[in-house]
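# Observations on the three-dimensional arrangement
Spelled out, the chains give:
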Amino acid sequence: MTKKTLLVLALAAVTGMAQAEDTLKKIKDSGSVTMGVRESSGALSYTLGDGKFVGYHVEICENVLRDVRKQLGMSALAVKYQPVTSQNRIPLVQNGTVDIECGSTTNNATRQKDVAFAVTTFVEEVRILVKANSGITAIAQLNGKNVATTTGTTSVQTLRKNERATGVDFKEVFGKDHADSFLLLESGRADAFVMDGAILAGLTAKSKNPADFKVVGEVLSVEPIAIMIRKDDPAFKKAVDDSIKAQMKSGDIAKTWNKWFEQPIPPTNTKVGMAPNENTKHAWANPNDKPAEDYAKK
């Protein structure tokens with residue numbers, strides 16, 4: 001073995017160790033933690049500009065980090081907000097840039113090979129958003145149409161797999177983020193936008209004319225949305241899960257939901273107007289980190 005090969009192997013071992021890093025130790029030693037956030041994931045996670053991020057998942061994560069700070073006996077903890085996209089969120093968690101990702105990520109079996117998920121905080125239903133005057137009410141009417149989706153998300157694959165989509169030939173147009181995909185629909189470059197219902201509701205509520213849009217058709221899939229952390233770090237996962245379970249048990253998570261989905265929210269003070277669905281309430285009452293595949297079996 002050459003010296004160069006040995007060096008490469010040594011470096012690989014070091015990076016491997018860094019990936020399986022003890023996040024709690026990292027947080028305590030550095031006095032800071034990096035939270036992955038989304039810029040336009042409806043009321044789950046979005047920006048108010050000037051580096052300020054808010055939303056249902058952002059607030060749950062802030063509560064988690066407050067509990068972690070107490071657990072570690074720290075008087076202060078600096079929280080850094082790192083915007084992530086659908087494409088880079090998993091690599092940034094894996095490589096240690098982001099310690100806890102608080103966006104709108106579906107927990108599925110494929111992703112569980114690369115990262116870990118906290119207990120499910122929201123069970124999403126993938127839906128179709130169209131212009132209210134489009135006449136589109138079902139999947140079959142998407143034949144020959146342009147369907148917007150956000151790069152790096154699973155929604156259009158879900159649409160294609162739906163039994164009602166058999167023989168329906170549509171063209172995908174990609175937005176770089178959810179706001180961009182909504183703009184494709186709003187500007188007429190897309191006839192429909194397939195995405196998580198909460199994201200569609202949030203973007204519609206913040207649009208110039210919310211009445212111009214409507215969610216149509218059947219629920220395409222049911223997906224557990226969860227906070228994402230590094231794999232193989234059981235101590236940090238337990239700390240995150242324990243905090244979320246406590247928020248569920250105390251009823252705080254339901255209050256957080258009400259604040260972001262059923263009350264007027266900044267910057268426009270409009271309501272998303274979405275009550276928690278039965279699947280979400282079940283996940284609060286029975287905390288678990290089951291992937292989407294387990295929901296599909298029902």
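Scroll up to find the structure.
Residues numbered from 1 in each chain as written. Predicted model: local features only at pLDDT ≥ 70, side-chain atom pairs only at ≥ 80, totals over all residues. Heavy atoms only, no water.

Quick look at helix 2 (residues 23-30) now. In an α-helix there are 3.6 residues to a turn, and that puts residues three or four apart on one side. Every buried residue belonging to helix 2 is among Thr23, Leu24 and Ile27, and all of these are buried. On an axial view of helix 2, the arc spanned by its buried residues comes to 105°, and they lie on one face. What points out from helix 2, more than 90 degrees from its buried face, is the exposed set Lys25 and Asp29. In this structure, the buried residues of helix 2 make contact with strand 1 (32-37), helix 3 (56-71), strand 13 (228-230) and helix 9 (234-250). (Buried < 20%, exposed > 50% of the residue type's maximum accessible area, 1.4 Å probe, protein only. Helix = DSSP H or I, 4+ residues; strand = E, 2+ residues; numbered from the N terminus. Arc of directions from axis to C-beta. Contact = heavy atoms within 4.5 Å.)

With that out of the way, let us pick up the nonpolar core. Counting 44 residues, the largest nonpolar core has Tyr56, Ile100, Ile244 and Phe261 as its most contacted members. Breaking this core down by element, the ones donating at least two residues are helix 2, strand 1, strand 4 (52-54), helix 3, helix 8 (197-206), helix 9 and helix 10 (252-262). Element by element, the count of residues in this core is highest for helix 3, at seven residues. Here Ile244 is in contact with Ile60, Val64, Ala118, Val119, Thr121, Ile227 and Ile253, once residues within four sequence places are set aside. One finds Ile136, Leu142, Phe170 and Val216 within the second-largest nonpolar core, a separate group that totals 16 residues. (Core = buried A, V, L, I, M, F, W, Y, C linked by side-chain atoms within 4.5 Å.)

Picture the strands of a sheet paired through backbone hydrogen bonds; they go either parallel or antiparallel. The five strands are arranged 5-1-6-13-7 in an open sheet whose pairing can be described as mixed. Strands at the two margins of the open sheet, each flanked by one partner only, are strand 5 (78-83) and strand 7 (115-117). Examined bridge by bridge, strand 1 and strand 6 (residues 100-101) share two bridges and lie parallel to one another. In the strand pairing of strand 6, Met35 is matched with Ile100. (Pairing = 2+ DSSP bridges.)

Remember, this is a structural readout, not a statement about activity or role.
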